[in-house]
Number of protein chains: 2
Amino acid sequence: MAGSLAPGQRISERGLAAALDISAQPVREALRRLEVEGMVETRPRSGTYVADLGRDRLFEIGLIRATLEAVAARLAAERATPADHAAMRSRLDAIAGAMRSEDAAAVTLANEALHDAIHAAAASRDVTRLLEGLRAYDHLTRERILSTAEERATAQAEHQAIVQAIIAGDARAAEAAMKAHALRSLSVALP
Amino acid sequence: MAGSLAPGQRISERGLAAALDISAQPVREALRRLEVEGMVETRPRSGTYVADLGRDRLFEIGLIRATLEAVAARLAAERATPADHAAMRSRLDAIAGAMRSEDAAAVTLANEALHDAIHAAAASRDVTRLLEGLRAYDHLTRERILSTAEERATAQAEHQAIVQAIIAGDARAAEAAMKAHALRSLSVALP
DNA sequence: TGGTTGAAACTACCATGGCAGATGGCAGGG
DNA sequence: CCCTGCCATCTGCCATGGTAGTTTCAACCA
């Protein structure tokens, strides 16, 4: 994710283990996990290679992420407790505050916090698990997003609509609002 | 998946390795993969336990699966080649044939074949990868589905609508049709 | 000079052994 | 009878060593 390894580059279990000064076994397990997440590919008896994350692939992953976030919003609308409602409202205010302070990093952080609150309200191990597996990819696209004031205002309006639908218990509206928000963000990040 | 292990039951790496007459290491890796897929849970230094697949959890997974299948249909509509079109049409006919022969197992098989063709047309490694990780769960719900003649007719009509939208290149319609189909199937399987 | 081949080097993969920590049962005290 | 602390046992976890298969590259031939 740091970009220090070029796409297609070969990663050696033993070599990486030597660099980290540990055994090859835990390195191997870590590479297997990355393989399940799609970050690397392993050709048997040949090597483990860094996956190529081109624009098309990132877009697909963004598409997947959008629909999964929508499912999370739907479940949150069906299950959220008053405590969840309070948490989401609080995170929403935090985003607004971060926007006023013009701190880009804080906005991104507050943004993720809101999404985490929604995931928590959805209370679905599987949705959370899958989204967690996709989270690493976001950092590759989340950069240019929210760069303009207009964009930030639009995003915040969408956030409010999502939270409102969840609190109202309108599952269909929450799902649609989240999907629209995620897809629009995606089209901004990967034009 | 065969049901021979009760939910919550502990699985021992060494014990399973001894039963399979192999080393504990590949067993460990297999359990790690199952953990990523959500089939088992591991408490550090304690043990690996069979996950509890209650009705709610299966329903959630069905929800996720429905949206992912919808993404696949959308991508297929955007990317399918004439060869993909022919393959889908062929699989559609195969389902109809299996239905006429009243062979339940053949219908299920032909059903999966059509979905595979759509996945192939979508040509997305990530969508295929995630759906593959969820496939195991289907066999737990795919049983009572398609049991009545009315149900089979409805499903086949939906299949035709999906394929038609994909061939027409209408991404939005394909996505909506697939989602409706998957959600309705889910509501039948888990009433 | 272009193509073939063969062997050395490297790869993922697995078996074995040993370690810190968690578990469960059992004796002893309340 | 219930609770508590202890110890044998079992657990996941990692280090080490060895094997079959792949890649690489250079020597050799046409």
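Residues numbered from 1 in each chain as written. Chains lettered and ligands numbered in written order. Predicted model: local features only at pLDDT ≥ 70, side-chain atom pairs only at ≥ 80, totals over all residues. Heavy atoms only, no water.

Some thoughts on the overall build of chain A
Helix and strand counts for chain A come out as 8 helices and 3 strands. Its helices and strands in sequence order give chain A the pattern β-α-α-β-β-α-α-α-α-α-α, from N to C terminus. A principal-axis box enclosing the C-alpha atoms of chain A has dimensions of 55 × 35 × 30 Å. Out of the 191 residues belonging to chain A, those deemed buried represent 45%. In chain A, once contacts between residues fewer than 6 apart in sequence are set aside, the share between residues at least 24 apart is 71%. When the accessible surface of chain A is summed, it comes to about 9,500 Å², and 54% of that surface belongs to carbon and sulfur atoms. (Helix = DSSP H or I, 4+ residues; strand = E, 2+ residues; numbered from the N terminus. Buried < 20%, exposed > 50% of the residue type's maximum accessible area, 1.4 Å probe, protein only. Contact = heavy atoms within 4.5 Å. Areas by Shrake-Rupley, 256 points an atom, 1.4 Å probe, with all protein chains shown as cover.)

Here we look at the layout of surface pockets
As a volume, the largest pocket reaches approximately 800 Å³. In this structure, the largest pocket is lined by 23 residues; those nearest its centre are Val36 and Glu37 of chain A together with Arg33, Val36 and Glu37 of chain B. Listing elements by their share of the lining of the largest pocket, those giving two or more residues are helix H2 (24-36) and helix H6 (125-141) of chain A together with helix H2 (24-36) and helix H6 (125-141) of chain B. The element contributing the most residues to the lining of the largest pocket is H6 of chain B, with 6 residues. Each residue belonging to the lining of the largest pocket can be placed in one class, and the counts come to 6 nonpolar, 3 polar and 14 charged. In this model, the second largest pocket occupies a volume close to 530 Å³. (1 Å grid on protein atoms, 1.4 Å probe; cavity = no way out; pocket = protein on both sides within 12 Å on 5 of 7 lines; lining within 4 Å. Points joined across faces, edges and corners; volume = space filled by probe spheres on them. Nonpolar A, V, L, I, M, F, W, Y, C, P; charged D, E, K, R; others polar.)

Here's the deal with helix H3 (residues 55-79) of chain B
Spanning 25 residues, H3 of chain B covers 36 Å between terminal C-alpha atoms, matching the ideal 36 Å at 1.5 Å per step. For H3 of chain B, a buried count of 20 out of 25 residues is recorded, marking the element as mostly surrounded by other parts of the structure. (Expected span 1.5 Å × (residues − 1).)

A short note on the domain arrangement of chain A
Here chain A is described as being made up of domain 1 (10-50) and domain 2 (55-189). Placing a centre on the C-alpha atoms of domain 1 of chain A and another on those of domain 2 of chain A gives a separation of 32 Å. (Domains from an automatic or database assignment.)

Considering the side chain of Glu29 of chain A
Along the chain, Glu29 of chain A falls in helix H2. On the basis of relative accessibility, which here comes to 18%, the residue Glu29 of chain A falls in the buried class. Aside from chain neighbours lying at most four places away, what touches Glu29 of chain A is Gln25, Arg28 and Arg32 of chain B.

Things to note about the packing of helix H7 (residues 149-168) of chain A against helix H8 (residues 171-189) of chain A
All names here are of chain A. Remark: H7 packs on H8, axes separated minimally by 8 Å, with the N-to-C direction vectors making an angle of 160°. Between H7 and H8, the crossing angle belongs to the class labelled roughly antiparallel. Viewed along their axes, H7 and H8 form a crossing whose handedness is left-handed. Every residue of H8 that contacts H7 at Glu151, Thr154, Ala155, Glu158, His159, Ile162, Ala165 and Ile166 is listed here: Ala173, Ala174, Ala177, Met178, His181, Arg184 and Val188. Across the contact of H7 with H8, the residue classes break down as 9 nonpolar, 3 polar and 3 charged. (Axes fitted to C-alpha atoms, helices over the stretch in contact; angles between N-to-C directions. Parallel < 35°, antiparallel > 145°, perpendicular 65-115°, else oblique. Left-handed = near helix turned anticlockwise from the far one by under 90°.)

Description of the sheet that holds strand E2 (residues 40-43) of chain B
Residue and element names in this part refer to chain B. Read across the open sheet, the 3 strands follow the order E1-E3-E2; overall the sheet is antiparallel. The two strands at the open ends of the sheet, each matched to only one other strand, are strand E1 (10-11) and E2. Sheet analysis places E2 next to strand E3 (residues 47-50), joined by 4 bridges and oriented antiparallel. Considered in E3, the bridge of Val40 is made with Val50. Helix-sheet contacts for H2 involve E1, E2 and E3, and the interaxial angle to E2 is about 110°. (Pairing = 2+ DSSP bridges.)

A short note on the relation of the copies chain B and chain A
Overlay of chain B on chain A (RMSD 0.1 Å): rotation 180°, translation along the axis 0.0 Å. Interpreted geometrically, this transformation is the action of a two-fold axis. Closest to the rotation axis within chain B is the C-alpha of Thr67 of chain B, separated from it by 3.1 Å. The residues that chain B uses at the interface reappear at the interface of chain A in 100% of cases, marking a shared surface. (Least-squares fit on C-alpha atoms with pLDDT ≥ 70 in both.)

A short note on the protein's contact with DNA strand D
The local shell around DNA strand D holds 19 residues, among which Arg14 and Ser23 of chain A together with Arg28, Arg32 and Arg45 of chain B are the closest. For DNA strand D, the backbone makes up 64% of the atoms found within 4 Å of the protein, where backbone means sugar plus phosphate. One of the backbone N or O atoms of Arg45 of chain A is found 3.5 Å from a sugar or linking oxygen in DNA strand D. Going through the elements one at a time, H2 of chain A together with helix H1 (13-20), H2 and E3 of chain B are the ones with two or more residues in the surface near DNA strand D. Ranked by the residues each element gives to the surface near DNA strand D, the list is headed by H2 of chain B, at 3 residues. (Near = heavy atom within 4 Å. Polar contact = N/O pair within 3.5 Å; in protein donor to acceptor, adjacent residues only side chain to side chain.)

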